[in-house]
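Chain by chain, the residues run as shown.
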Amino acid sequence: MYSIDKYYDHYVIKQGDNILFHVDSLPEAERELEILNGKKPNEVNIKNSDGKRYNNFHKHTHYSNIKTLDCISKPEDYIKRAVELGHTTYFTTEHGFQGNIYEAHTLCEQYGLKCIFGVEAYYVEDMYDKSSRSNYHLMLVAMNDNGRKEINKIMSLANTDGFYYKPRIDHELLERYHEDIIWSSACLGGEIPQAIMHGDIKKAEELALWYRSLFGDDFYLEVQRHQTDIPGADTSTYEKQQRVNEVIFSIAAKYGIKVIATNDVHFVKKEDGPAHDRLICVYTGSDFDSPTRMRYTQQEYLKSSEEMAEIFSDHPEVISNTLEIAEKVELLNLNSDPTPPIFPLPEEFNDSNDYLRHLTYEGARKRYGDDIPDGHRERIDFELATIKKMGFPDYFLIVQDFICAARKMGVWVGPGRGSAAGSVVAYSLTITDIDPIKYDLLFERFLNPDRISMPDIDIDFDDEGRYKVFKYVEDKYGKDHISHVVTFGTMGTKSVIRDIGRVHKLPLQETDRLA
């Protein structure tokens, strides 16, 4: 009755074709099996494995709010719900953004789901044309690690060269980077659905053929059905979807293109719909009672396989095709060693460790005098050996290079903060201005061979000079080697209460009292 199956890098306990739960090791699975065999089926808390019959391809978390404020749920909320529904995969497809994939990957490993990386990209005819804010949607999913890198290239260029209110891509970019990626025509905002909605069926067919010619069997047409009976919810979307779906099924049959069913997920459970409705009011600056405000169908929640199978009972193949996509995708491992930058050495040096030693001792003589104490030399040699062992000489050379350049340009540089102040090498290179030997600061808090991680040196520049330093680094090391660190802002409780108070037109005094 009960059985054990290998599932990617762990095991699952099954009853027939239904997955009951996931376990980490074979011995643990065997123990659970012994326990189960002593129970009757109705005594077991069975989690239906409907995820084996349907995988939701289209999902947005609060990370999508970076591009458009229309999602209220965190990745872990979705993943927990997916486990409750018995799903075996988790697709991450944010609006024009991939910065959540490591969090999603870590959580999926924790909860025993296969994490599949993708993005809902914004497409325009010419990504370099900044005359219009209009765009279409297009779904991309990585089949393997190379596909993930291809999507990274696409979205990097979308955010640099193609950015105009949103990161945008075009056909020419897709022709350059499309290997090992699964594509779908997206929601009503997709290029093909938009052509259908404008009555241009010929264009829709031409687009479908173009995508199929480029992506082959890895291109899928996408259909959605957001029928709703919730009071106040949008009903026009379902009518549009039905008109578009009819043509999509016709194109699919005519040209042999497979179709997948998705639900455009923006929140976890059906009961989250009213909260999401108010978020849309906040995003659009609308009053809740406005008859003309933007409304969703409130069907944009993570549905079970039973719900999706019932919605598309007349086209069961669009459900099973989602399983085909999941099976095409390899289980990816995001844990990789960092790739340190390379410092351009002077002609007389062939090794970055030798040049770092030269600069360090040159600086140490300026700091401690020509006759460097033996204890100081021992400390410097220990630090240099650690830096060499951990492979970070180029990092120190680059940091000291732009700090020296900043001082030459008249930019004010701070004395150093954090654990880097414990390095005599950093002090000798004038990266910091605090003597760690004088103040008995520990180098091991900064770099430790037993706890390998990238060095982290906090550096302060004055506000006016900061741009000069950034420009220097960009010019010397290349624009494609420089990036800003992303900062995510979240909605605080008090600000949310005030926003909801405004949406419901509560008196300001009452809103302040509640906040």
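Residue positions are given per chain, counted from 1 along the sequence in the order it is written. Only residues with pLDDT of 70 or above have their local features reported here, since the model is predicted, and side-chain atom pairs are shown and tallied only from 80 upward, although totals for entire chains, interfaces and linings are computed over all residues. Excluding hydrogens and water, the side-chain figures rest on all heavy atoms present in the structure.

1. Brief notes about the environment of valine 223
Move 1: Only runs of H or I of at least four residues qualify as helices and only runs of E of at least two qualify as strands under DSSP, and these elements are numbered from the N terminus. Residue position: valine 223 is located in strand 9 (residues 219-223).
Move 2: The contact criterion used throughout is that any non-hydrogen atoms of two residues lie within 4.5 Å. Beyond its immediate stretch of four places on either side in the chain, valine 223 contacts Asn245, Ile248, Phe249, Val259, Ile260, Ala261, Thr262, Phe312 and Val318.

2. Some details on the pairing of strand 6 (residues 136-142)
Move 1: Between buried and exposed lies partly exposed: a residue is buried under 20% and exposed over 50% of the maximum accessible area for its type, with that area taken using a 1.4 Å probe on protein chains only. The element strand 6 is extensively covered by neighbouring structure, given that six of its seven residues are classed as buried.
Move 2: In this analysis, strands are considered paired if DSSP registers two or more bridges between them. Taken together, the six bridges between strand 5 (residues 114-123) and strand 6 define a ladder with antiparallel strand orientation. If you follow glutamate 120 over to strand 6, its bridge partner there is methionine 139.
Move 3: By the bridge criterion, four bridges tie strand 6 to strand 8 (residues 181-184) in an arrangement that is antiparallel. By the bridge assignment for strand 8, alanine 142 is matched with isoleucine 181.

3. A word on the packing of helix 2 (residues 75-84) against helix 3 (residues 101-111)
Move 1: An axis is simply a line fitted to the C-alpha atoms; with a helix, the fit covers only the stretch in contact. Between two such axes, the angle follows the N-to-C directions and lies from 0 to 180 degrees. It is the contact of helix 2 with helix 3, at a shortest axis distance of 10 Å, that shows an interaxial angle of 30°. By the angle between their axes, helix 2 is roughly parallel relative to helix 3. For the element pair helix 2 and helix 3, the recorded crossing hand is right-handed. Facing Pro75, Glu76, Ile79, Lys80 and Val83 of helix 2, the residues of helix 3 in contact are Glu103, Ala104, Leu107, Cys108 and Tyr111.
Move 2: Of the residues that constitute the contact of helix 2 with helix 3, the class distribution is seven nonpolar, no polar and three charged. Angle categories: roughly parallel below 35 degrees, roughly antiparallel above 145, roughly perpendicular from 65 to 115, and oblique for all the rest. Take the far helix as the reference: if the near one is turned anticlockwise from it by less than a right angle, the crossing is left-handed, and if turned clockwise, right-handed. Residue polarity is assigned by list, with Asp, Glu, Lys and Arg as charged and Ala, Val, Leu, Ile, Met, Phe, Trp, Tyr, Cys and Pro as nonpolar; anything else, Gly included, falls into the polar class.

4. A few points about the pattern of salt bridges
Move 1: In the sections that follow, a salt bridge refers to a side-chain nitrogen of Lys or Arg positioned within 4 Å of a carboxyl oxygen of Asp or Glu. In total, this model carries 21 salt bridges according to the counting rule given.
Move 2: With a shortest N-O distance of 3.0 Å, glutamate 84 and arginine 81 are connected by a salt bridge. Taken together, the positions of glutamate 84 and arginine 81, both in helix 2 and three residues apart, correspond to about one turn of that helix.
Move 3: You can call arginine 81 partly exposed: its relative accessible area is 23%.

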